[in-house]
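# Chains, contacts and geometry: an overview
If you want the building blocks of each chain, they are given just below.
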Amino acid sequence: MGIQFRTETFRDDFTFRNSPEHIRRFPFPFHEDSYMYAVNIEPHVPGPKGSVLENLIDVDEHYVSEMADRALVLAEDPLRCQSLPHMTLAGWDLLELLMTEQAKGYPEHFTLTRDGDNWHWINRPLGIDQKFVFGDLSTLPYGPMEYITRQSQGDFCILDQRDGNLWMDAGIVTTQADWSLDFDIGMNFFEWHAPVPLAHEKGVFTRALKFLLNIQQGQPARRLNWTMTINPRLDTSPENFHKWGPDRTTVTPENVGQKVHLRVELQSFWRLPRSNAMVFPIRCYLIKMDELATSKKWARRLHRVLRDLPEELATYKGLTRYRPTVVEWLAKHDDGAPTSSGFGPD
Amino acid sequence: MPIEPTIKSRPVYGTLSPQPGTDHLFIADAEGAEAILDLAKSAPPGFFDAAEIVFIPRASGDGYLAALHALKPARFYEGPSIGAALPRLKQTFATAHMGLRLYLSGTEGLIGQAMQAALDAGIDHSSIQTEHRGSLARRVQCVHCKGVTEDVTTQPVTCSHCGLLLLVRDHYSRRLAAFQGVCINAEDQSEKVPVEEVFR
Amino acid sequence: MSAGTTKLDVTVADVVPVNELVTRFHFRPTNGGHLPTFSGGAHVVVEMREHEGATPRLNPYSLMSSPLNTAEYTISVRRDDVGRGGSLFMHRQVKPGDRMVISYPVNLFSLDLRAKKHLMIAGGIGITPFMAQTAQLASSSGNFELHYACRTASLFTYGDVLAERYGKRIHLYHDDRGEKIELARLLASQPLGTHLYICGPAPMIDWVRNTAAASGWPSETVHYEHFSAPKPGLPFDVTLAVSDKKIRVGEQQSLLEAIEAAGVDPPYLCRGGVCGQCETNVISSDGKFLHNDHWLSEEEHRSGKKIMPCVSRFEGRSLVLER
C-alpha cells in the first residue's frame, strides 16, 4: 500500500492535479463566510485519519514531484537556502524532527535507525539510503537543514530566540507566497512581517509573538494562511516575480476552473530541543477552482470570502487584477444557501 | 528632517548620545559630522581621548573637518568613501574588546554599510547609536538580480544591473544594508509608470 | 493544555551527597527509553508530594547533566534550612526508586550561539546551569571561559570536576582565601562579540550586571538567571474576581499555590519569578506588596497594578486579583 506518488510539474506544462481522495483532504481555510487576518493559532495535535493533520508532518501524493521542483529551484538560485553560522545546531534539531516524524507517520516509505550518534536513514520514494554520524557535518552531502529539507515538503524557517524576539536566521524557501528569504534572513518577527497590511495596527503580531515565544518542547502549534496563485506554481518568489507576474493577466472566464488555484499554507510552530530555536514549517497545498467546486459548500463560501475581502488584503495578496473574474465564476456556484460552520466539505 | 516610521522593518534613527564604554568609534559622512559635533557638546571631559573618528566628507562635508579635528580624538581617519574605509573598520573590529561603542551618523547608505560590518563582528544592532543627517537617498537591492543600486532618489528606479523598473519599498534589510526593490510592472511590462524624485 | 508544560514520569535512579549542603539527584524515565533532549541552561519543575494525594510543591531546578545524555537528567539541590522546605524534602525524603513527576525542560537561560566567546560567572549553587552549558559548548568546539566563586573549598560544588574537564578555561575563587574575581579587568579584556552569563546569589548578579553596564557591555550581551524561592510570610486574604472565590494564603504557601489549591490554574513555566507566565492583574488593593520577582519592571512594582503570584506576597487589608 502506501501513497501513490504522482509524477507531475509545477512549471512549464503545469501537469499538477489532485486525485479525488486528495481533494477531500484539502485543508480548506475558511470556517465562516468572511475572512480577516487574525491570530488563529491552535495546538498542533493529530487530526482525523485521512486528513492532512493525521500526521504532524504530512507527506502526500505530490511529495516526489515537489522535491524535484525544489531541486530545480535550488540549482537556479542557491540563495533560497541559507543558514547563518550560529544556526547549525538548530539544523541538526530539524533533521532529527523531520526524520523522526516522517519515519513514524510513513514507515512504509521512510526508516530511521539510531545507534547512538550513528544514524541510518532510508527514504524509499527518493531512493536514498544514507548512513551518517549525527552532529558530524562531514558525513552528509549538505548541511543538516538543507539535507533533510530537500526531502521534506514545504518551506522551513528556523528562528533563533533571543532578547524577547524571534529572529529568522535560517531557512529553505522555494514554495513561498511572494517573500524573499534572502532579503528577510536576519530579521526579527516584526520586521519580516512588516509588509503585511492592517495586522500590526490590530496588535496581531504582538500577541502572536507572545504566544510563540512560550511554545515549549512537545507542544507544537499551528495556523492556516491562504492566498491565490495563477497556475499551480510552487515557486512564486519575488525573485522571479517578473517571470510569473504576467500569469495574472491571463485569467479569463473560460479558464478560471483550471488556471486559478487556492493556495493554503499550513504553518506549524515547534520548539527545537538542542538549540532552543523554533522551526516554522510552512506547508503549501494547492487546489484548482474546478477541484474546489466539487464541494458545494467550499465554492459558496470562497465566493463570499473573495467578494467581501477588504481591498488592502486583496492588494497585499496580489489578487487585484483577476479577483472580479474569479468572483463572477464562483458566483455561479453560489445559490445563496447557508453554509454550515467549520472547515470540512458538507 | 526626521524620518517617519512607515513599516516595522524601516530603520528609525535616533540622536547620538555618549554611552558608557572604554572606546568610542564614530563613523560619519557629510552632514553626519554635525551629529558628532552636537554630541560633543554634552560629552564628559576627556570623552574623545578614547575615541576614533572615521569621516567621509563626500561632496558637502569638507567644511566640518576643522571642527572634527578640534575634538582631538585619539585617532582620525578621512577617506573618500565608506567602501574604502571598510577594510580598516573590519581590522578595528577584529582586534577590539568589549566596551567599544559605535556611533554612526550621516546618510542611510553609510549607516547601513558600517552597521553591516559591525554585525559581522558580533556587535548587536540595538547597541549601536545612529543618527540620520543629510540626503535621503537609498541603497536599493534588486530582489530579482540581487545587484545593489546606490544613491537612489527616484520612485520607481531602474536597476543599474539588470534594467528592470523597480518599486522601492520601505522594507529594509540590515544584513544587506539595503531597501528592497521589486519590479513595479511585472504583471504587464508594457505599462508606463511615471518616475518621480522622492528621496532627496 | 495544562497550566505548566507537558509532564514526565521519572524514577529516582540515584541520590548522591556532593558536600555538606548539596545533594545530586538522577532521574530516569519510568517507562524506559529516553528523556527529551534539552539545551544548556534549561530547567525542570519538580513536583514534590509529602504523601499520596497531597498538594504538590513545585520547584524549578536547572538541569546539570550533559544535554547530549538523554538516558537520565541530573539536578543538584542545595539544602536551605530556613526556606519553605522544598530543598529539605528533596534531601530528607527522596530515595532511589521513588517515582516523581517533573516538567518538560524549559530554557529561560539560553546560550546566545552568535557569541564569538561565552564568558560565564557563577557563584555557589549557581554553577548548575553552567555544568550543562559547558558540556554543550565543549562538544561543539565552543569558545568559553568560566569564573566560579564559592565560600570554601569544601563547598566548591563540582569545582574539581570542571577543572579536570576543561583545565585552564576554569577559574576558581575561594572567598575564605580572599580570592576575588577581578571583574573590571576581566570584562575589559574580552574580545568584541563576547556574551556574558551570570548565575548565583542576587547580590553577585547585581554586581556583575552593574559593572558590565558601566564598562560598556550592551544589555543584549548580558544574560542572567536567578530563580527566587517563594518566601514564607504572614498569611493574607485574597479575592479572585474572575472565579469569584475568596482564599487565604498560608504562612508557608505561595500565592500561586493558594490560587491553585482553590482550583484555579494560572499558566506557569518556572515558578521562580522569571518566565512571566503567571503575571496577574491587580483589580484593587489596600496594603503593601512584597515583590520578589525578576519579571516586572520597577515601575510595574510601584504601580500596584500587577503581581507575580509565584514568588510575591502581600500585607494589608484587601487584595482583589483578576483571576
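Computed from a predicted structure; not experimentally measured.

### A few points about the overall build of chain C
Helix and strand content of chain C: 7 helices and 17 strands. For 323 residues, the compact-globule estimate of 2.2 N^0.38 gives 20 Å, and the C-alpha radius of gyration of chain C, at 20 Å, lies within 12% of that figure. Seen through its principal axes, chain C has C-alpha atoms that stretch 60 × 50 × 35 Å. Per-residue burial for chain C yields a buried fraction of 56% across its 323 residues. As displayed, chain C has an accessible area near 13,800 Å², and 49% of this comes from carbon and sulfur atoms. Counting 34 positive and 35 negative side-chain charges, chain C places the centres of these two groups 1 Å from one another.

### Considering the confidence of the model for chain B
For chain B, mean pLDDT is 94; residues scoring 70 or higher make up 98% of the total. When pLDDT is averaged over each element of chain B, strand β2 (residues 51–56) of chain B comes out on top at 98 and strand β12 (residues 196–197) of chain B at the bottom at 94.

### A word on the packing of aromatic side chains
Summed over the entire model, instances satisfying the criterion amount to 31 aromatic pairs over all chains. Aromatic side chains C:F236 and C:F314 sit 6.4 Å apart centroid to centroid with 55 degrees between the ring planes, which places their arrangement in the tilted category. A residue pair is termed long-range when its members are at least 10 positions apart, and C:F236 in strand β13 (residues 236–240) and C:F314 in strand β17 (residues 313–321) qualify at 78 residues. Of the two residues, C:F236 and C:F314, both sit in the buried class. Grouped by ring-pair contacts, the aromatic residues A:F26, A:F28, A:F30, A:Y35, A:W226 and A:W298 constitute a single cluster. For C:R271, the ring lying beneath its charged end belongs to C:Y268, and the centroid distance is 4.4 Å.

### Concerning empty space enclosed by the protein
All names here are of chain A. According to the stated counting rule, one finds 7 cavities of 30 Å³ or more in the structure shown. Empty space within the largest cavity amounts to approximately 110 Å³. The wall of the largest cavity is formed by 13 residues, among which L56, I57, D58, P281 and R283 lie closest to the centre. Going through the elements one at a time, β9 (260–271) and β10 (278–288) are the ones with two or more residues in the lining of the largest cavity. With 4 residues, β10 is the largest single contributor of residues to the lining of the largest cavity. Around the second largest cavity, the lining comprises 13 residues; the ones closest to its centre are N18, D60, H62, Y285 and L286. Counting residues per element, the lining of the second largest cavity draws most heavily on β10, at 3 residues.

### A short note on the side chain of A:R263
Residues and elements named next belong to chain A. Position of R263 among the secondary structure elements: in strand β9. Polar side-chain contacts of R263 include one of 2.7 Å to the backbone oxygen of T175. Here the side chain of R263 touches T229 through a polar contact of 3.2 Å, side chain to side chain.

### Overview of helix α1 (residues 32–42) of chain B
Residues and elements named next belong to chain B. Along α1, the residues classified as buried are G32, A33, A35, I36, L39 and A40. Looking down the long axis of α1, one finds its buried residues gathered within 155 degrees of arc, a one-sided arrangement. Looking at α1, the residues exposed on the side facing more than 90 degrees away from the buried face are K41 and S42. Tucked inside the fold, the buried residues of α1 contact β1 (23–29), β2, α2 (65–70), β4 (100–106) and β5 (129–132).

### Concerning the domain arrangement of chain C
Residue and element names in this part refer to chain C. Here chain C is described as being made up of domain 1 (7–107), domain 2 (117–225) and domain 3 (236–321). The interface of domain 1 with domain 3 comprises 9 residues on the first partner and 9 residues on the second. Both sides together, the interface formed by domain 1 and domain 3 hides about 790 Å², and carbon and sulfur atoms give 48% of it. At the surface where domain 1 touches domain 3, the tally comes to 3 residue pairs in polar contact (both at pLDDT 80 or more). Secondary structure elements with two or more residues in the side of domain 1 that touches domain 3: β3 (42–48) and β4 (57–62). Ranked by residues supplied to the side of domain 1 that touches domain 3, first place goes to β4 with 3 residues.

### Describing the domain arrangement of chain B
All names here are of chain B. When cut into domains, chain B gives domain 1 (23–132) and domain 2 (138–197). Centre-to-centre separation of domain 1 and domain 2, based on C-alpha positions: 29 Å. On the domain 2 side, the residues contacting the 9 residues of domain 1 number 10 residues. Together domain 1 and domain 2 conceal approximately 690 Å² of surface at their shared face, both sides included; 51% is due to carbon and sulfur atoms. The largest per-residue losses of area from domain 1 upon contact with domain 2 belong to E108, Q113 and Q116, which jointly make up 48% of the total buried on that side. Between domain 1 and domain 2 we count 1 salt bridge in total.

### Regarding the interface of chain A and chain B
Contact with chain A, which involves 28 residues of that partner, is made by 27 residues of chain B. A buried area of about 2,100 Å², summed over both sides, lies between chain A and chain B, and 56% of it is on carbon and sulfur atoms. Applying the counting criterion to the chain A and chain B interface returns 7 salt bridges. Taken together, the elements giving at least two residues each to the side of chain A that touches chain B come down to α5 (181–184), α6 (189–192) and α8 (241–244) of chain A. Taken together, the residues of the side of chain A that touches chain B sort by class into 13 nonpolar, 8 polar and 7 charged.

### A closer look at the environment of C:Y268
Residue and element names in this part refer to chain C. Following the sequence through the fold, Y268 ends up in the loop between α6 (255–261) and β15 (280–290). Separated by 35 residues in the primary sequence, Y268 and G233 place their C-alpha atoms 22 Å from one another. Among the polar contacts listed, one links the side chain of Y268 to the side chain of K7, at a separation of 3.3 Å.

### Notes on the side chain of A:E291
Tracing the chain through its elements places A:E291 in helix α10 (residues 289–292). Those residues in contact with A:E291 that sit more than four places away from it in its chain are A:R17, A:N18 and A:I23.

### Observations concerning the pattern of salt bridges
Within this structure, the stated rule accounts for 56 salt bridges over all chains. Close ionic contact of A:R248 with B:E187 constitutes a salt bridge, the shortest N to O distance being 2.7 Å. In this pair, A:R248 is assigned in the loop between α8 and α9 (256–259) and B:E187 in the loop between β11 (178–183) and β12, connecting two distinct chains. Just as A:R248 is buried, B:E187 falls in that class too. In this structure, B:E52 and B:R75 form a salt bridge, with 2.9 Å as the shortest nitrogen-oxygen distance. Taken together, the positions of B:E52 in strand β2 and B:R75 in strand β3 (residues 75–78) put the pair 23 residues apart, joining distant regions of the chain.

### Topic: the sheet that holds strand β7 (residues 148–152) of chain B
By way of backbone hydrogen bonds, the strands of a sheet pair with one another, either parallel or antiparallel. All names here are of chain B. Strand order in the open sheet made by the 5 strands is β7-β6-β11-β10-β9, with mixed pairing throughout. Both outer strands of the open sheet, β7 and β9 (157–158), are each paired with one neighbouring strand and no more. Along the sheet face, helix α4 (residues 108–120) touches β6 (138–142), β7, β10 (165–173) and β11 and points at about 65 degrees away from the line of β6.

Conventions adopted
- Residues numbered from 1 in each chain as written.
- Chains lettered and ligands numbered in written order.
- Predicted model: local features only at pLDDT ≥ 70, side-chain atom pairs only at ≥ 80, totals over all residues.
- Heavy atoms only, no water.
- Helix = DSSP H or I, 4+ residues; strand = E, 2+ residues; numbered from the N terminus.
- Rg over C-alpha atoms; globule rule 2.2 N^0.38 Å.
- Buried < 20%, exposed > 50% of the residue type's maximum accessible area, 1.4 Å probe, protein only.
- Areas by Shrake-Rupley, 256 points an atom, 1.4 Å probe, with all protein chains shown as cover.
- Lys, Arg positive; Asp, Glu negative; His and termini not counted.
- Charge placed at Lys NZ, Arg CZ, Asp CG, Glu CD.
- pLDDT = per-residue confidence, 0-100.
- Phe/Tyr/Trp six-rings, centres within 6.5 Å; stacked < 30°, edge-to-face > 60°.
- Lys NZ or Arg CZ within 6 Å of the ring centre and 35° of its normal.
- 1 Å grid on protein atoms, 1.4 Å probe; cavity = no way out; pocket = protein on both sides within 12 Å on 5 of 7 lines; lining within 4 Å.
- Points joined across faces, edges and corners; volume = space filled by probe spheres on them.
- Polar contact = N/O pair within 3.5 Å; in protein donor to acceptor, adjacent residues only side chain to side chain.
- Arc of directions from axis to C-beta.
- Contact = heavy atoms within 4.5 Å.
- Domains from an automatic or database assignment.
- Buried area = accessible area lost by both parts, 1.4 Å probe.
- Salt bridge = Lys/Arg side-chain N within 4 Å of Asp/Glu carboxyl O.
- Nonpolar A, V, L, I, M, F, W, Y, C, P; charged D, E, K, R; others polar.
- Pairing = 2+ DSSP bridges.
- Axes fitted to C-alpha atoms, helices over the stretch in contact; angles between N-to-C directions.

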